[in-house]
Amino acid sequence: MGQTVLEMKGIRKSFSGFYALSGIDFSLELGEVHALLGENGAGKSTLIKVLGGIYQPDSGTIRINGEEVKIRNVPEAREKGIGIIHQEIVLVPYLTVAQNLFLGREIVRHGMVDVPEMNRRAAEMIASLGVNIKAEEYVENLTIAQQQMVEIAKALSTKARILIMDEPTSSLTVQEVDKLFEMMRMLKEQGISLIYISHKMDEIFEICDEISVLRDGNLVMTKPSTETNMNELIAAMVGRSLESRFPPVDNTPGDTILSIQHL
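Novice: In this structure, what is going on with the layout of surface pockets? I would like to understand it.
Specialist: To find the voids left in a structure, one rolls a probe of water-molecule size over its atoms. By volume, the largest pocket is sized at about 470 Å³. Lining the largest pocket are 19 residues, and of these Val 74, Arg 78, Ile 84, Lys 154 and Ala 155 sit closest to its centre. Elements that contribute at least two residues to the lining of the largest pocket include exactly helix H2 (74-79), strand S6 (82-85) and helix H5 (144-157). The dominant element in the lining of the largest pocket, judged by the number of residues it contributes, is S6, at 4 residues. Residue composition of the lining of the largest pocket, grouped by class: 10 nonpolar, 5 polar and 4 charged. Computed from the structure, the second largest pocket encloses a volume of approximately 230 Å³. Lining the second largest pocket, in full, are Met 125, Ser 128, Leu 129, Ala 153, Leu 156, Ser 157, Lys 159, Ala 160, Arg 161, Leu 187, Gln 190 and Ile 192. Within the residue set of the lining of the second largest pocket, elements represented by two or more residues are helix H4 (115-128) and H5.

Criteria and thresholds
Residues numbered from 1 in each chain as written. Predicted model: local features only at pLDDT ≥ 70, side-chain atom pairs only at ≥ 80, totals over all residues. Heavy atoms only, no water. 1 Å grid on protein atoms, 1.4 Å probe; cavity = no way out; pocket = protein on both sides within 12 Å on 5 of 7 lines; lining within 4 Å. Points joined across faces, edges and corners; volume = space filled by probe spheres on them. Helix = DSSP H or I, 4+ residues; strand = E, 2+ residues; numbered from the N terminus. Nonpolar A, V, L, I, M, F, W, Y, C, P; charged D, E, K, R; others polar.

Here it is, written out as structure tokens:
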């Protein structure tokens, strides 16, 4: 067992009396890719929003590197090294890559925004990820995959050590997915821990070390990816075996209940 960088214990969150999270325990190890699975409404997004400071839990504790923390808003989550790559790209399309990376924290020199320095630093950030994107390029001219790489660079530029990726491959080609996975493996080697949300089982088994399954606001399973299989994961997600999910059907015709002739 490695070093635990994140520990969420007994996390509860309700909306109008309905519990979206019913006492979730979740942990993340150093340099681990941990998959978070579940059907729509299982609680994945709520748990991530609690970690990202968007929601406040009703109860429970969060520890980062063994220290209990309170995450009251998004900036506090960012300060504590948590970055979220949302499924929908949230970059500003009519700004450059560099301007997006430093949005809200522009580099200023002599009372003016230092554009050359921002471009230089942005180019270093992008190059460190092994990506060929110009810092001066406008985001609207980039592919979805390239925009996603900029999102990752932006999160890492805030010193994120825990990176949450929500359905990152939903709009990517096979080649772009391979490039993303290559980058994720590089981030792992740098000691960055990733929470990976996806419905694509083949990707889960290819890139993830650990898998947790949520169902109806409860954590129902956590296992190493090498110790489970697709059937077990689907059964955990839906709460029943595949045999009961797809029961045999008798298609033998019965008695005639309607007959129409010469209409």
